[in-house]
Structure formats: structure tokens, C-alpha cells
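Observations on the three-dimensional arrangement
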Amino acid sequence: MPEARPRSAAPPEHSHISVYQKAHTFFAQLKTRLGHSKRERRHKSPGRQESSDYAADLSSEHSTPSTASPRHRACNRTVDSPLSRTCGDTTSSPGGSPKPRAPTPGVLAGLDLLPLTSSDEISRRREHALRQHSFFQLRIYLRRGHGLVAMDKNGLSDPYVKFKVGGRLIYKSRTIYRDLNPVWDESFTVPIEDPFLPISIKVFDYDWGLQDDFMGSATLDLSTLDIGRNNDLTLALQDPSRPEICLGEIYITATLYPKTQEDKEQYFQKNSRIQDVNKRLKSQIWSSVVTIVLIEGKNLLACDPETGTSDPYVKFRLGNEKYKSRIIWRSLNPRWLEQLDLHLYDDGDQQLEITVWDKDRTRDDYIGRCVINLMEMERERTYNLWQELEDGAGSLHLLLTISGTTASETISDLTTYEQNYREKENLLNRYVWHRTFHNLKDVGHLTVKVFKANGLAAADIGGKSDPFCVLELGNARLQTQTEYKTLTPQWNKIFTFNVKDINNVLEIIVFDEDRDHKVEFLGKVAIPLLRIRNGEKRWYALKDKKLRSRAKGNSPQILLELSIIWNPIRACIRTLNPKEEKFMQTEMKFKRQVFVRNVLRLKVFLMHFLEIGKFFQDCFEWESTVQSFAALVVWLILCYYFQPWMLPVGGLLIFLKQYVICQLSGTPQVPWDELADSDIDEEDEDDKEKEEKKSLKERLLAIQEVTQGVQNAIGKIASLLESIKNMFNFAVPYLSWIAISLLLIATCVLYLIPIKYLLMLWATNKFLRRIFRPHVVPNNEVLDLLSRIPDDEMLTYIKLLGVSLSTHLGRLSVIRWYLQLDYKDLKLLSSPDSADRRPHPKKKHKAS
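Residues numbered from 1 in each chain as written. Predicted model: local features only at pLDDT ≥ 70, side-chain atom pairs only at ≥ 80, totals over all residues. Heavy atoms only, no water.

**Some words on the overall build of the protein**
Per the secondary structure count, the protein includes 21 helices and 26 strands. Burial analysis of the protein (848 residues in total) assigns 33% to the buried set. Considering only contacts within the protein whose residues lie at least 6 apart along the sequence, 64% involve residues at least 24 apart. (Helix = DSSP H or I, 4+ residues; strand = E, 2+ residues; numbered from the N terminus. Buried < 20%, exposed > 50% of the residue type's maximum accessible area, 1.4 Å probe, protein only. Contact = heavy atoms within 4.5 Å.)

This is how it looks when you write it as C-alpha cells:
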């Protein structure tokens, strides 16, 4: 008989229901005790699973791994994907059935219910959701890089990253030195108005003193990011010119936050308020700029008793602004050549305090001080001052200018300027020819009207600049006020300069003022005073720092009007005197392009001399009978009838020849500024990146090719000069006595025979030598003698060889060394010039 079933036992098909009921009761009691509804929802048992696929997508994360759908398991990965937002969390309803959780802020509505196969529909709805927001904030966390390419010779790189949007740099990371797996750990936040504009990410290798090397780039598409969530991305670096090379990866985390229209307006209002405050602070607080050039000091107090010198430096203080110069070590007559700008306030202190200190290990020693009252100084004028130090000894040499005035009632404002004809007549009378010797140092008077500029480059992040204009004539330096947040500034200023040298060049430079009163170059124009056309109001093109091509921007130019009145006789006298030293000059550092250009400039003149030498050589070799005979006759006539006054006449003939050529050719003289405009514009960013891609080895090889000829030429000149010195030092007595004999014979010949007959005999011998001795080798007896005299390097080798041969052990060492040398090495030692004739392979030493 079948075994009787217990009455208390539940039917098999309902046995699991009682278990769930007990669990439900247990968790209800736990909820009552703890009072944490969120934890209770996470642990409450789920209800019956729906059969639909959409119900499976909406099932909660509390399902066990055995019952969870594959799609649900795929959505629980830690790596974010474009479809990760479709797996939203769910919670159970009080009745046990699953219900969808409230959508997370930033998740796109409607994408949670889409099937996996509708990628086009997802992209369409994602674009639609992005267009619903007019403003975003993007936060990028630059974590690290992995497997970057080595760009340096040590097998490492010094990488840094640039982020650009639409060609505009928005962030630049710090440089990690000597690492192919750098860890930056940096983050930044930028506003985004167009999320469909990709972000360009470029990695460069920092090179000291050279152009940085390009290491790869990647593109970040903001439209693929999950809005409001952290997107961990791995970007592979690529280079279009090297598609087959793996350039490594960088790891970033990008988060795109949507903002409302109110947030956008509030953000830009806040920025505009900050900009207005900065503009007000910059334009209204200070009224003038005090430009100081610290040149040198004389006879300062000695504060170091051990050395009898000092280590001086200078401190400047004007109101709340301070400046400290660099330290000149161990000098009582230091030379700084530093320029600084301090700002003058209308209601502030007008006393410029200057103190000089001696740098010491423990406490700096006081040397002296001086005070300059700026109220007594005229504006828009450069003062050359020697200030004696109080409470000490010595003096300071300064150039001081107060310019850049913002007040409209100043004398330099064009809006209120009215030309005084009586003043113009006084200027004309001052430089009239019959008053030439009244004041020889006063050469002329220059008037410059600076109206406006346009097409300037945007130096600030907001697409604007804060331009001001600086005018330099010799050591005189004046500047306009700063016009804020504009690319078309209008200065409307007039400046005057006392001309000390008519050959000077007026330099007008446009700068952008940044925070802490730092400047950024925007353009430059250089106008020689002799090229000025009086009263002509015209646009001048702004160039780069080298004045070779246009400056950055939309064809930047500046509107000027120049007038100069000068005395030609005073200018001529000043031209024949030493040129005034310009104290502030940019230090020229070594650059490959500059070096190559200078070598090519010198090569042009060398080629002319070589052509002249080849012409004389052809005359001596009778390549053309008529040419050689005519050259011989002309030489004999010149030598016989030569007088010293013929030398300047020869120079006049050269001028006459060039003048006739210019008149006959009829080529119009191109204005100096228009000629510069014809040059190509400055290379764009792509060309610079191509230059950055060049390896360090290629650049060094390019330098080596250019410097090889210079190196050999310098070596030959040095050897020749050392041979002349060793000839007089009796380094080789036999050759020295030969030179003495030749000098005695030359003295007697020059004493007895006039030099013009000697020149005629020398030329006749040179011209007729090829006729009477056809197979003779052309030579120069003096150079042939000097080639036999050793230079210092050869003398050093001979001395070492002589010391070695003086002892028995030394002789054995020298013999063994000679046995180990190759034949080519011995030939090289015997004739050092053979290395210059042809390249030799690597020396291979044989075993003894």
C-alpha cells in the first residue's frame, strides 16, 4: 500500500509558496526593527518573472544569477557602454511584482525600452535628447597613459597632452618626464555649447630647446557619451603618417552634465560679471604705466670683507607693487639690463622707492636707497637718470618713462588734440639749415599718431584680446592705454620723440595684456625714419617677431600717421659718430634655422670672391687668349700709372655702374613694407605638427650637414695661423731659417726696386708662365712653406712621441702601438690633411 501522506504537508506544487511567505514575514519584521526601507527593498524576494523580454529588461538586480536573463547580466558590467543606461535598476512593489525604479537624472528617456538591434534608433533618440539641452558642462579626468611610443634617444619620452575644441586649446596637461606609462591624475571642467563638435586630443613629447615631437592623437565624440554618468574610456593614439605603428593608449573618464537655459544664462552672467570686474579693476584703478629699465650700477658699497665685493640686487616699490631684480655675483659695478612695469594710481603713492641690497647667506646687507618723485616727471617722455644712493655709496643708471595714460584730458589724446601752427613753425625754425650748429645733438622731431588696429588674433579664451601698443625709438619707450575685450582697438593717441639719429628704426609692437600684467605678442611693424612720408595716414601690416611674415589673426594691421622734421647736416654729423647703444635687446639663442640662414648669407659673398678668383685663374691659364692678353695689359698700365687717389675713384665708378643699371632696367622701387607682405604667411598649425614629428636624430643630422663645412674651414684657418706662430717660435729651426733668409732677400729687393716694377714683374711671370712652361703646377710659395710647418696638434704628438722614445720601455710601447695600427691610421698620422680630402671607414685595429 502506498505510504500515507502526512496531513500537515503541503502539496508539492505549492511547497515553495510557504517558503516565500515565511521569508516575506521575516523581512517585514526586519523592516520594522531597522526602519531602512531601502535595504528592505533590496532584500525583498521578487515576484513571478514575466515572460516578456521587456519585463526581463526591467527585472531588478535582486534576481539570482541562475534566474537573471543574459541581457541583465550584461548590463551589470562595471565598464560603461553606450547601451548601459538601458539597464535601469528596478524595485519590487509592495505586492511583490517588479516595477521600474525612477529614472536616474541624465539618463535619456525612452532608451530603456529599446531592443538591442535598433542602434540607429538609439543614435537618433540620443541626438534628439542632446538637442533638448542648450548647454552642457564637460568634466574630463585624465588618468594615465600606457605603452606610449619612445621619442628620445634614451628610449623614453616626456609626454604631455593637449585638448582642443575647434582648433582652440582648452587644456594642457603637465609634462611627465622619462616615462612611457605616465600617470597624470588631472581633471578639468569646460562649458560645452555644441556637443556634436568633437574634442581633439594630441600627445606630444617635450624637447628642451627644440620643437616638441608629435606622439599621436585621438578624437573624443561627445555624442556617444552617457549623459550624467562617468564614462571610462580607453583611447588609442593614432598618426595618419604611421598607421601601422602602435602608439599606445590613454585612459580618461568623461562626464557630460546637461544644464538648463537658466544655468546657461547664470553661467554667462557670472562670467560677464567677472570680466566686467576685471575690466573695471584694470582700466579704472591705475592711470599710467611706469616703465623702468635697470641698466647698471657704479661704485657700490663692498659688503663682503673676504672678497672685497658685493652680490647686489635691487628692489623697487611703488605703492603696493614690488619688483626684485636678479642677483649679480661678486661685482661693485653690476650690469642688469632688466625691464619692469609698475602701475601708477591717481590716488596712490607717487614716490618710487629704490633700495639696493647685498645677498648673504644669513641676512642680506643694506647698500643704499634713493627715492624718485613721479609727480615732478613729465608724462610720455623717457628720462635717462643716474641716481645717487643715499645712506651708502654708488649710483644707479635707469631709464624711466611714464606712459600708457588712461585719462582723456592728457596731452597724448587725439580726440582733444588741436594742431598748433605756431608750434609747427617753431619746429621748422629749430631745424632750419642756418641754425645747424646751435644744437648738434638735436637731429629731428618725430610725431606718431596711433589711431586703431583691426584683425588682431584672439589671445584670450573668450575669443577676444586686451591689446595695447608700445612704441620704441632707440632707448625711448612709450605705450598706449589698454583696450579690453576687443579685436579692433581704438587708441587715438599721439606721441612725440626727439630724434637723435636719423638712421634709427621706429618699432611699434602690439601686445595682449594678461593677468598679473603679463603680455603676449600680437604683431609688430618696424618703420625706418628715412622711409617716413610726412602726413600720410595709412594702414601698416603687422608682422611676426622676425618681420618675415604676417602675424597671427585675420590680416592684422594698424592705422598710423607719421611726420618727421629733421636737419640733414646734423644727421650727417651724427651718422659719422658712434651709434647709440640700445640697452634692451633680445638675446639671440642658437636656432638651427637662424644658423643655416646666416651660413647661406655668407655663402653668397664667398661665391662672388670665388668667381673673381676663378676669373684671374683663367687669365693666368690662358683659357682665352684675348682675355688673358687684355688682363696683362690692363695690369701693367695700372701698376705703372697707379696713384692713391684712384682708389676712391674706383668706388665712385662702382656707384655709377649700379646707378646706370637701375636707370636702364626701369624696375620700380618696391616699398619696404609691401615687399614684406609678399612673403608667405606664417606656417599654420599643421605644418608645425609636421615639424614636431621630426625626430631628434634627423634634426641633428641636418645641423651636422650645415656645420661640416664651417668646421673644416675653421680648422684649416686655425692650422694656418698656428703654423705662422710656430714658424716664428723656431718649432722647426730649419724652416724658420729658410723664412729668415727669404725675408732678408725680400727686404733688399723692396729697398732697391720700386714696388710697381715688382708688381709688373710678378704679373708678367704669372701670365707668361703657362706659355714658356706649359706643364708647370700653379703654386704659392708662401703657402707651400707654411704647409711644411706643423701646427699645435702635430707638435703635441711629436713631443709625446719624443718623451716615449727617451726610455727603453717607452720605445717598446711606441713600437707595439705602431704594430697595432692599420696602414690607413699611419697614413692619417703622417698627413693630417688627408682626413679632409675624403672620408675614411672606421679604423679596425689588428691583433698584435
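Next comes the rest of the description.
**Overview of the packing of helix α10 (residues 625-641) against helix α16 (residues 755-772)**
Where α10 meets α16, the closest approach of the two axes is 9 Å, and the angle between their N-to-C directions is 170 degrees. In terms of their interaxial angle, α10 and α16 are classed as roughly antiparallel. Of α16, the residues touching α10 (which contributes Ser628, Ala631, Leu632, Trp635, Leu636, Cys639 and Tyr640) are Lys756, Tyr757, Leu759, Met760, Trp762, Ala763, Thr764 and Phe767. Looking at the contact of α10 with α16 residue by residue, the classes come out as 12 nonpolar, two polar and one charged. (Axes fitted to C-alpha atoms, helices over the stretch in contact; angles between N-to-C directions. Parallel < 35°, antiparallel > 145°, perpendicular 65-115°, else oblique. Nonpolar A, V, L, I, M, F, W, Y, C, P; charged D, E, K, R; others polar.)

**Remarks on the sheet that holds strand β9 (residues 231-236)**
The four strands are arranged β6-β3-β10-β9 in an open sheet whose pairing can be described as antiparallel. Where the open sheet ends on each side, the last strands, each with one partner, are β6 (183-192) and β9. Strand-to-strand twist in this sheet, taken as the mean axis angle between neighbours without regard to direction, amounts to 25 degrees. Sheet topology places strand β3 (residues 135-146) next to strand β10 (residues 249-259); 11 bridges connect them, and they run antiparallel. Considered in β10, the bridge of Ile140 is made with Ala254. (Pairing = 2+ DSSP bridges.)

**A few points about the sheet that holds strand β12 (residues 312-318)**
With antiparallel pairing, four strands are arranged side by side in an open sheet as β13-β12-β15-β16. Where the open sheet ends on each side, the last strands, each with one partner, are β13 (321-324) and β16 (365-373). The average undirected angle you get between the axes of adjacent strands in this sheet is 15 degrees. Summarising the sheet, β12 and β13 pair through four bridges and their orientation is antiparallel. Bridged to Lys315 within β13 is Lys324.

**Side note on helix α8 (residues 568-575)**
Buried within α8 we find Arg570, Ala571 and Arg574. Relative to the axis of α8, the buried residues are bounded by an arc of 100 degrees and lie together on one face. For α8, the elements touching its buried residues are α7 (421-430) and β26 (553-566). Measuring from the side-chain oxygen of the N-cap residue of α8 to the backbone nitrogen of Ile569 gives 3.0 Å; that N-cap residue is Asn567. (Arc of directions from axis to C-beta. Polar contact = N/O pair within 3.5 Å; in protein donor to acceptor, adjacent residues only side chain to side chain.)

**Topic: the UniProt feature "transmembrane region" (unreviewed entry) in the protein**
When the UniProt feature table is mapped to this numbering, "transmembrane region" (unreviewed entry) covers residues 629-656 and 734-753. Between the C-alpha atoms that bound residues 629-656 there is a distance of 27 Å. The span itself is 86% helix and 0% strand. (UniProt positions renumbered as here; feature names shortened; annotations may be inferred.)

**Remarks on the pairing of strand β20 (residues 467-473)**
With seven of seven residues buried, β20 lies mostly within the body of the structure. Sheet analysis places β20 next to strand β23 (residues 505-513), joined by seven bridges and oriented antiparallel. Along β23, the bridge assignment pairs Val470 with Ile509. Hairpin connection of β20 to strand β21 (residues 476-479): two residues between the antiparallel strands, including Gly474 at a positive phi of 65 degrees.

**Concerning the nonpolar core**
Ranked by size, the top nonpolar core spans 33 residues in total, and within it Leu138, Phe163, Ile199, Ile201 and Leu220 carry the most contacts. Put simply, the parts of the chain that give this core at least two residues each are β3, β4 (159-165), β6, β7 (199-205), β8 (213-220) and β10. What Leu220 contacts, discounting residues up to four positions off in sequence, is Ile140, Pro198, Ile199, Ile201, Leu225, Leu233, Ile252 and Ala254. Listed in part, the 30 residues of the second largest apolar core include Leu471, Ile527, Ile532 and Ala571. (Core = buried A, V, L, I, M, F, W, Y, C linked by side-chain atoms within 4.5 Å.)

**Notes on unusual backbone geometry**
Phi is positive for Asp185, which is not a glycine, with a value near 55 degrees. With respect to the element layout, Asp185 can be found in strand β6.

**What to know about the packing of aromatic side chains**
The final tally for this structure, using the stated rule, is 16 aromatic pairs. With centroids separated by 5.7 Å and ring planes inclined at 65 degrees, the aromatic side chains of Phe204 and Phe214 adopt a geometry described as edge-to-face. Taken together, the residues Phe204 in strand β7 and Phe214 in strand β8 connect sequence positions 10 residues apart. Residue Phe204 shares its accessibility class with Phe214, and that shared class is buried. Centroid distance Phe511 to Phe521: 6.4 Å. Interplanar angle 80 degrees. Geometry classified as edge-to-face. Taken together, the residues span a long stretch of sequence, with Phe511 in strand β23 and Phe521 in strand β24 (residues 519-528) at a distance of 10 residues. In textbook terms, an aromatic cluster arises when at least three aromatic residues are bridged by ring pairs, as seen for Phe620, Trp635, Trp762 and Phe767. In this structure, Arg144 is placed above the aromatic ring of Tyr251, and the distance from its NZ or CZ to the ring centre is 4.1 Å. (Phe/Tyr/Trp six-rings, centres within 6.5 Å; stacked < 30°, edge-to-face > 60°. Lys NZ or Arg CZ within 6 Å of the ring centre and 35° of its normal.)

**Brief notes about the environment of Leu721**
As for its position among the elements, Leu721 is in helix α14 (residues 696-728). Note: C-alpha distance between Leu721 and Leu786 (65 residues apart in sequence) is 9.3 Å.

**A closer look at the confidence of the model for the protein**
This prediction gives the protein a mean pLDDT of 75; 69% of its residues lie at or above 70. Segment residues 674-692: pLDDT under 50, and 31 contacts once partners within four positions in sequence are set aside and those in other chains are kept. (pLDDT = per-residue confidence, 0-100.)

**Details of a positive patch on the surface**
Taken together, the side chains of Lys545, Lys546, Arg548 and Lys591 make up a positively charged region of the molecular surface. Tracing the backbone through its elements, the reader meets Arg548 in the loop between β25 (536-541) and β26. Exposure remark for Arg548: the relative accessible area of 44% places this residue in the partly exposed category. (Patch = residues over 30% accessible without salt bridge, like charges linked within 9 Å, V, L, I, M, F, W, Y side chains within 5 Å. Areas by Shrake-Rupley, 256 points an atom, 1.4 Å probe, with all protein chains shown as cover. Salt bridge = Lys/Arg side-chain N within 4 Å of Asp/Glu carboxyl O. Lys, Arg positive; Asp, Glu negative; His and termini not counted. Charge placed at Lys NZ, Arg CZ, Asp CG, Glu CD.)

**Topic: a nonpolar patch on the surface**
Residues Phe629, Val633, Ile637, Tyr640, Tyr641, Tyr751, Leu752, Ile753 and Tyr757 make up a contiguous nonpolar surface patch of about 1000 Å² in total accessible area. Elements supplying a minimum of two residues to the nonpolar patch: α10 and α15 (733-752). In terms of residues, the nonpolar patch owes the most to one element, α10, which gives five residues. One can find Tyr757 in helix α16.

**As for the pattern of salt bridges**
Applying the stated rule across the entire model yields 20 salt bridges. Where Glu186 meets Arg174, a salt bridge forms, and the shortest distance between an N and an O atom there is 3.2 Å. Placement of Glu186 in strand β6 and of Arg174 in the loop between β5 (168-172) and β6 is noted, with a sequence separation of 12 residues between them. What makes Glu186 buried here is its relative accessible area of 11%. Note that Lys582 is salt-bridged to Glu472, the shortest N-O span being 3.6 Å. Of this pair, Lys582 sits in the loop between α8 and α9 (592-621) while Glu472 is found in strand β20, placing the two residues 110 residues apart along the sequence. Salt bridges sharing partners connect three or more residues here, namely Glu472, Arg477, Glu507, Lys524 and Lys582.

**Re the side chain of Asn504**
Here Asn504 is to be found in the loop between β22 (490-499) and β23. Apart from the residues within four sequence positions on either side, Asn504 is in contact with Leu473, Pro528 and Leu529.

**Some remarks on the environment of Ile494**
Relative to the assigned elements, Ile494 resides in strand β22. On the basis of relative accessible area, Ile494 is assigned to the buried category, the value being 8%.

**Here we look at the environment of Leu506**
Residue position: Leu506 is located in strand β23. Taking relative accessible area as the criterion, Leu506 reaches 0% and is therefore assigned buried. For the pair Leu506 and Pro528, spaced 22 residues apart in the sequence, the C-alpha separation amounts to 6.0 Å. For Leu506, the contacting residues outside a window of four places in its chain are Leu446, Val448, Glu472, Leu473, Phe497, Val525, Ala526, Ile527, Leu529 and Leu562.

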